[in-house]
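A structural walkthrough
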Amino acid sequence: MISPLFIINKIKVSVRGDRYLSILIICLVVFAVASALIFGHTIGGDAIGYVDAGHVLSGAPISAQEAPPDFIFQRILTTFLGVEIVSGLSALFGNIPVGWFVWDVFLYFCLNIVFYKLLLKIFNSRTTALLGTLFFASNYAMVTAGLGNFMDIGGWSFYIFSIYFLWKYIESGSRRELITAALFISVGGFFKENAFMAYIPMFFVLLYENRHSFTLFLKKIIVPTIIIAVPSMIHHFGVYVAYGYKYTRWIEINQTTYFYRSRILEYIKSFGSLLNFLAPISLLGVFAFFGLKDDLKIDTKKIIFITSVLISSIPPILWPGITQRVLFMVVPGLVILACFFIKKYEKYWYAFVPVLALYILSSFFMDSFILKAVNLPF
């Protein structure tokens, strides 16, 4: 089982001399506590399958579990390490919800602090990095599903860890940073498959970097690809041998399970609740980008990075099931875009605070008020 020390040792964070990071940590504590109090996360729905998967991995018979076998096998296949860690912490604390919440909170802090460090590198502004990360940390999907007995936050975390080290690679050219980014994708794939989406920015950055020589591109991409693909292939093969289960079965189940009278309306509802006040700022950020890219030294390779981060959200968007936690993969890229607008007017930072406050309130009270009005069958 992967130790949390793997994450801590790879990502060195110090709050000393950075009062903005201290403010962020205080806000994260408030958001995590509010999430627990307002949503009262319980073991139900999808969470049952993860708990049952933990039982099966501990030797319990599948026939004795509540969740259907296909769901249990899928959890073992795609969230193996997450299930193992939650099972271990649950045993340690003697309580499944407590053990699970501890792990979610640990990832929640790591994820958002690393995202802050990424924004700080891109925009060279603590004000912009703080505001952008607060939009990210208080997103509806983050405070509900991220802290609410799902495994998605594991995939989100390792995705962000990977693109952070990819940005460091862009800045330094150090192969060590590239290999670290690949390692985070590889490990993240055992927490949730959306971590693999970080391979898309890596692929396009290396393709652009070696655009004059396809041979050099292959030489550069082959080791990271092996690091990412081989452990996953071995695990998938092992699950197939043990249970006769493969990922295509999960795709088949989702294609037959989810039916919407209008997928367009479902996307509108889901994206509306997911993005709300962030959407217009992201749109304005597109226009602000052109006036700031030279000052921020955003060269073509960095543009490729930002663009491919946005592109990496497309596969999750195309998933048969339309939910905010699946669509959350659009949020990192849109927050980066929003930060161009925030950076342009950061001396008026106080003007963003009311918008951020409305965004936070809508995230925490979306279920109570807004979605009750709009989440009707069509």
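So, here is what we can say about the structure in this document. All chains use their own residue numbering, which begins from 1 and follows the written sequence. With the structure being a predicted model, the display of local features is reserved for residues of pLDDT at least 70 and the display and counting of side-chain atom pairs for 80 or more, all residues being used for whole-chain, interface and lining totals. Each side-chain value is worked out from all heavy atoms of the structure, with water and hydrogens disregarded.

1. Quick look at helix α7 (residues 126-137)
Operational definition: Helix and strand definitions here come from DSSP, where helices need a minimum of 4 consecutive H or I residues and strands a minimum of 2 consecutive E residues; each element is numbered from the N-terminal end. By definition here, a helix of n residues has an expected span of 1.5 Å times n minus one. Summary of the burial criterion: residues with accessible area below 20% of their type's maximum are buried, those above 50% are exposed, and those between are partly exposed, where the area comes from a 1.4 Å probe applied to protein chains only.
With 12 residues, α7 extends 16 Å from end C-alpha to end C-alpha; this agrees with the ideal 16 Å at 1.5 Å per step. For α7, the complete set of buried residues consists of Thr127, Thr128, Ala129, Leu130, Leu131, Gly132, Thr133, Leu134, Phe135, Phe136 and Ala137.

2. Describing the layout of surface pockets
The following threshold applies: Using protein atoms alone on a 1 Å grid, points that fit a 1.4 Å probe yet trap it form a cavity, whereas open point sets bounded by protein on both sides within 12 Å along at least five of seven lines form a pocket; residues with an atom within 4 Å of a point count as lining. Grid points are joined across faces, edges and corners, and a volume is the space filled by probe spheres set on the points. When residues are grouped by polarity, Ala, Val, Leu, Ile, Met, Phe, Trp, Tyr, Cys and Pro land in nonpolar, Asp, Glu, Lys and Arg in charged, and all others, Gly among them, in polar.
In this model, the largest pocket occupies a volume close to 720 Å³. In terms of lining residues, the largest pocket is bounded by 31 residues, among which Lys192, Glu193, Tyr247, Trp250 and Trp319 are the most central. Of the residues belonging to the lining of the largest pocket, the class tally is 14 nonpolar, 11 polar and 6 charged.

3. Quick look at the nonpolar core
Stated formally: Residues grouped as a nonpolar core are buried Ala, Val, Leu, Ile, Met, Phe, Trp, Tyr and Cys residues, joined through side-chain atoms within 4.5 Å. Contacts are assigned to residue pairs that have any heavy atoms within 4.5 Å of one another.
Counting 125 residues, the largest nonpolar core has Tyr108, Phe136, Trp156, Met202, Phe305, Val331 and Phe340 as the members making the most contacts within it. The element that contributes the greatest number of residues to this core is helix α6 (residues 96-123), accounting for 17 residues. Excluding its chain neighbours within four sequence positions, the residues that come into contact with Trp156 are Leu111, Ala141, Met142, Ala145, Gly146, Asn194, Arg325, Phe328 and Met329.

4. A closer look at the packing of helix α9 (residues 152-172) against helix α16 (residues 300-311)
Note the cut-off: Axis lines are fitted to C-alpha atoms, over the contacting stretch for helices. Their N-to-C directions set the angle, which ranges from 0 to 180 degrees. An angle below 35 degrees is read as roughly parallel, one above 145 as roughly antiparallel, one from 65 to 115 as roughly perpendicular, and any other as oblique.
Put simply, α9 and α16 touch, their axes get as near as 10 Å, and they point 170° apart. Relative to α16, α9 is oriented roughly antiparallel. Contact residues: Tyr159, Ile163, Leu166, Trp167 and Ile170 in α9; Lys301, Lys302, Phe305 and Val309 in α16. Looking at the contact of α9 with α16 residue by residue, the classes come out as 7 nonpolar, no polar and 2 charged.

5. Structural notes on the packing of aromatic side chains
As a reminder, the rule being used: The rule is short: rings of Phe, Tyr and Trp, with Trp giving its six-membered ring, pair when the centres are within 6.5 Å, and they are stacked under 30 degrees, edge-to-face over 60, tilted in between. Any Lys NZ or Arg CZ found within 6 Å of a ring centre and within 35 degrees of that ring's normal is scored as a charge over the ring.
Tallying each qualifying case throughout the model produces 34 aromatic pairs. Their ring planes at 40° and their centres at 6.1 Å tell us that Phe31 and Phe364 sit as a pair that is tilted. Placement of the pair is Phe31 in helix α2 (residues 19-39) and Phe364 in helix α20 (residues 352-374), with a sequence separation of 333 residues. A residue is classified by how much of its surface remains accessible, and Phe31, at 7% relative accessible area, is buried. Ring centres of Phe165 and Phe184 lie 5.5 Å apart, and the angle between their planes is 20°; this geometry places the pair in the stacked category. Taken together, the residues span a long stretch of sequence, with Phe165 in helix α9 and Phe184 in helix α10 (residues 175-188) at a distance of 19 residues. Assigned by exposure class, Phe165 and Phe184 land together as buried. Each member of the aromatic cluster is reached from another via a ring pair, and the members are Trp103, Phe106, Phe158, Phe161, Tyr164, Phe165, Phe184 and Phe191. Sitting above the plane of the Tyr50 ring, Arg75 keeps its charged end 4.4 Å from the centroid. Between Arg211 and the ring centre of Tyr208, over which it is positioned, the NZ or CZ distance is 4.0 Å.

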